[in-house]
Amino acid sequence: MPRPIHASISLAALGHNLDVVRRHLDQAAQAASGRTPSIWAVIKANAYGHGIEAAVAGFSAAQGLAMLDLAEAVRCREAGWGGPILLLEGFFQPADLDLVDRYHLCATVHTREQLDMLAHARLSRRVDIMLKLNSGMNRLGFSADAYGSAHARALQLREQGVVGAIGKMTHFACADGTQGVAGQMQIFQNVTQALGDGPISVCNSAATLRYPQIAVAHGAQAHWVRPGICLYGASPFSDAEAATFGLRSAMSLRSQIIGVQDLPAGADVGYGATFRAERPMRVGVVACGYADGYPRHAGTGTPVTVGGVRTRLVGRVSMDMLMVDLDPVPAAGIGTPVSLWGQDGPSVDEVATAAGTIGYELLCALAPRVPVKRDP
Ligand SMILES: *Cc1c(COP(=O)(O)O)cnc(C)c1O
């Protein structure tokens, strides 16, 4: 028998969340008398831990898929995805352009070096690119000063038959916070407005949920949003839960109680004896630890569901196990199901908050040793 831990991935929840985002965008488009933008479902990092193949199946209704690992892009094609694929970091070396060409990938272009590589490439067809502007996050992209000449070079490459569509793209640093997107959006518009047609892409999950109106398409230009985390049913915000948007958690991490200790008052639990029983209590041992991807920084009090009842973690998380308070669940014993996060447990964001991090990190960090089951 394998250890009882597993992660369930709900394809229905992935499809449902995509629908929620689409309806949200439809409403914004209606209110602004424009067109609903297309959706690039972001599936980087093994689809935020959910598995590329599950994401290809669950997001079959998306217009495009976006990621940054070329091998993951190839897996999408092999899984039967025929639609657009966007590489969010583009290509890294000239040899990557062979894959870009063969698998018909759209590439973010954010450096002069990438334009040079394109100029020297021998390709069987034109490459569609998204030219990225650094509008203030100072991560990827051409500076506002350099963007115009990069765009002119891209136009030259188009005349030479190397480049196809030339899109414009940027990424927001503070769409989830009080600073918002207005400042970066203004820079994006100032820099790109005069540069002719082509697809536009600006919004991640936070911007898509909070500022959908900026993605509404008017006129000839196509708009694409790039939601990631919300499609998996987790929240991009620290002050709003995913459920408030009608999103459903797609990954459920489940295990079982594999040991029970009856403790007298004053007994300590786990490494470092960081938890002490104030009165006699029962503690359950769960087959799940930090080697499974559960955060070691989650301390006493982190929510966990045992036998359908919400209780709390006690003591330190160890490599393969963690301990829970069984007092609220007197019927629990060996084999009782435990939900660490997901549909029948706390949200991944609640566990993340208790561990001082964000749901993104926990989903991506699901360990390869955890078996993954696919729910319909
Ligand atoms: C990761 C990423 C996204 C998606 O971000 P979420 O916060 O998960 O919605 C969108 N665009 C780019 C460029 C990204 O790197």
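Note that the structure is predicted; figures quoted are calculated from it, not measured.

A.B. asks: Give a description of the overall build of the protein chain that names residues and reports values.
C.D. replies: The number of helices and strands found in the protein chain is 11 helices and 18 strands. Taken along its principal axes, the extent of the C-alpha atoms in the protein chain is 80 × 40 × 35 Å. Counting over 376 residues, the protein chain shows a buried share of 53%. Put simply, of all contacts in the protein chain between residues at least 6 apart along the chain, 64% involve residues at least 24 apart. For the protein chain, the exposed surface amounts to about 16100 Å²; the carbon and sulfur share of it is 51%. Here the protein chain contributes 31 positive and 31 negative side-chain charges, whose respective centroids are spaced 2 Å apart.

A.B. asks: A description of the side chain of Asp 292 should follow, citing residues and the corresponding values.
C.D. replies: Counting through the fold element by element, Asp 292 comes out in the loop between strand S13 (281-286) and strand S14 (303-306). Classification of Asp 292 as buried rests on a relative accessible area of 0%. Here the side chain of Asp 292 touches Arg 3 through a polar contact of 3.0 Å, side chain to side chain. What Asp 292 contacts, discounting residues up to four positions off in sequence, is Arg 3, Ile 5, Met 319, Asp 320, Ala 365, Leu 366, Ala 367, Arg 369 and Val 370.

A.B. asks: Give me the lowdown on the sheet that holds strand S5 (residues 106-109), citing residues and values where you can.
C.D. replies: With respect to topology, 8 strands assemble into a closed barrel ordered S2-S3-S4-S5-S6-S7-S8-S9, the strand pairing being parallel. Looking at chain direction, strand S4 (residues 85-87) and S5 are connected through 2 bridges and run parallel. Along S5, the bridge assignment pairs Leu 87 with Ala 107. Set on the sheet, helix H4 (residues 70-78) makes contact with strand S3 (64-67) and S4; between it and S4 the angle comes to about 175 degrees. Docked against the sheet, helix H6 (residues 112-120) engages S5, strand S6 (127-132) and strand S7 (163-169), running at close to 135 degrees with respect to S5.

A.B. asks: Residue-level account of the state of the cysteines, with values.
C.D. replies: In a disulfide, the sulfur atoms of two cysteines are covalently bonded to one another. Inspection of the entire model under this criterion finds 0 disulfides. The thiol sulfur of Cys 174 is not disulfide-bonded, and the nearest other cysteine sulfur, from Cys 203, lies at 14 Å.

A.B. asks: If you had to explain helix H1 (residues 11-31) to someone new, which residues and values would you point to?
C.D. replies: Over its 21 residues, H1 extends 31 Å from the first C-alpha to the last, a length consistent with the 30 Å expected when each residue adds 1.5 Å. Taken together, the buried positions of H1 are occupied by Leu 11, Ala 13, Leu 14, Asn 17, Leu 18, Val 20, Val 21, Arg 22, Leu 25, Ala 28 and Ala 29. Where H1 is buried, its residues contact strand S1 (6-10), strand S2 (38-42), helix H3 (52-58), helix H9 (205-210), strand S9 (223-225) and strand S18 (372-375). Directly after H1, the chain includes Ser 33, whose backbone phi takes a positive value near 50 degrees.

A.B. asks: Could you give an account of the pairing of S14, naming the residues involved and the relevant values?
C.D. replies: Of the two faces of S14, the one holding Pro 303 and Thr 305 and the one holding Val 304 and Val 306 are both buried throughout. Bridging between S14 and strand S15 (residues 309-314) involves 4 bridges; their strand directions are antiparallel. Residue pairing in the sheet places Pro 303 in a bridge with Arg 312 of S15. The loop that links S14 with its antiparallel partner S15 comprises 2 residues; one of these, Gly 307, has a positive phi angle of about 55 degrees. Where S14 meets strand S17 (residues 337-341), 2 bridges bridge the pair, whose relative direction is antiparallel. By the bridge assignment for S17, Thr 305 is matched with Ser 339.

A.B. asks: Report on the site of the ligand, specifying residues and quantitative values.
C.D. replies: Contacts to the ligand come from 14 residues, most closely from Lys 44, Tyr 48, Ser 205, Ile 229 and Tyr 360. One of the side-chain nitrogen or oxygen atoms of Arg 226 is found 2.9 Å away from a nitrogen atom of the ligand. Contact between the ligand and Ile 229: an oxygen atom at 2.8 Å from a main-chain N or O atom of the residue. When the ligand sits alone it has 380 Å² of accessible area, and the protein chains cover 92% of it. In terms of residue class, the shell around the ligand is made up of 6 nonpolar, 4 polar and 4 charged.

Rules behind the numbers
Residues numbered from 1 in each chain as written. Predicted model: local features only at pLDDT ≥ 70, side-chain atom pairs only at ≥ 80, totals over all residues. Heavy atoms only, no water. Helix = DSSP H or I, 4+ residues; strand = E, 2+ residues; numbered from the N terminus. Buried < 20%, exposed > 50% of the residue type's maximum accessible area, 1.4 Å probe, protein only. Contact = heavy atoms within 4.5 Å. Areas by Shrake-Rupley, 256 points an atom, 1.4 Å probe, with all protein chains shown as cover. Lys, Arg positive; Asp, Glu negative; His and termini not counted. Charge placed at Lys NZ, Arg CZ, Asp CG, Glu CD. Polar contact = N/O pair within 3.5 Å; in protein donor to acceptor, adjacent residues only side chain to side chain. Pairing = 2+ DSSP bridges. Axes fitted to C-alpha atoms, helices over the stretch in contact; angles between N-to-C directions. Disulfide = S-S within 2.5 Å. Expected span 1.5 Å × (residues − 1). Near = heavy atom within 4 Å. Nonpolar A, V, L, I, M, F, W, Y, C, P; charged D, E, K, R; others polar.

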